[in-house]
Amino acid sequence: MIDFENVFVDAVRTAVTKKFPKATVVSEFVPKPSSFPHVYIRETDNASEALSFRVTGGETNARLSYTVDVFSNKKSGKKSECKAVMAAVDETMQGYHFQRTFCNPFPNENDASIYRMVARYSKLQSTKMEV
């Protein structure tokens, strides 16, 4: 299985915390984050590309999908903060040749006082990392 999840998560963490030092970036769900802004990034699909198997066996490409949730609890400007954090995420993911397929505000069902944006990214990834 082609697996570069840690590379992408670490890159997003680095980019976000560079601009927002108090931000948390995780790849496992945290129901009540301890600090904000909070970013939850996870690989939501890793499917073998059927036409790219080697004759000797093994995949050469996989279709990867990532979902990124950005949360802000600021009293004022939480929408702006989410957009700024998402911009850092987006720049990083596009730097790895991901295509953004979705990005919108999304209701935060756990706590309506916390603003939430969700983005989805997709790409065809080979066994070699390309930046």
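One can find the structure itself at the top, above this paragraph.
Small disclaimer: the values here were computed from a predicted structure and weren't measured.

Novice: For this particular structure, what's the right way to read the pattern of salt bridges?
Specialist: Any two side chains of opposite charge can pair, on the condition that their charged atoms come close. Summed over the entire model, instances satisfying the criterion amount to five salt bridges. A salt bridge links Lys-19 to Glu-91, with the nearest nitrogen and oxygen atoms 4.0 Å apart. Of this pair, Lys-19 sits in helix 1 (residues 5-19) while Glu-91 sits in helix 2 (residues 78-95), and the two are 72 residues apart along the sequence. Given a relative accessible area of 57%, Glu-91 falls into the exposed group. Its salt-bridge partner being Asp-69, residue Arg-116 comes within 2.7 Å of it at the nearest N-O pair. One end of the pair, Arg-116, is in strand 5 (residues 115-126); the other, Asp-69, is in strand 3 (residues 61-72), and 47 residues separate them in sequence. For the residue pair Arg-116 and Asp-69, the accessibility class agrees, reading buried in each case.

The rules we used
Residues numbered from 1 in each chain as written. Predicted model: local features only at pLDDT ≥ 70, side-chain atom pairs only at ≥ 80, totals over all residues. Heavy atoms only, no water. Salt bridge = Lys/Arg side-chain N within 4 Å of Asp/Glu carboxyl O. Helix = DSSP H or I, 4+ residues; strand = E, 2+ residues; numbered from the N terminus. Buried < 20%, exposed > 50% of the residue type's maximum accessible area, 1.4 Å probe, protein only.

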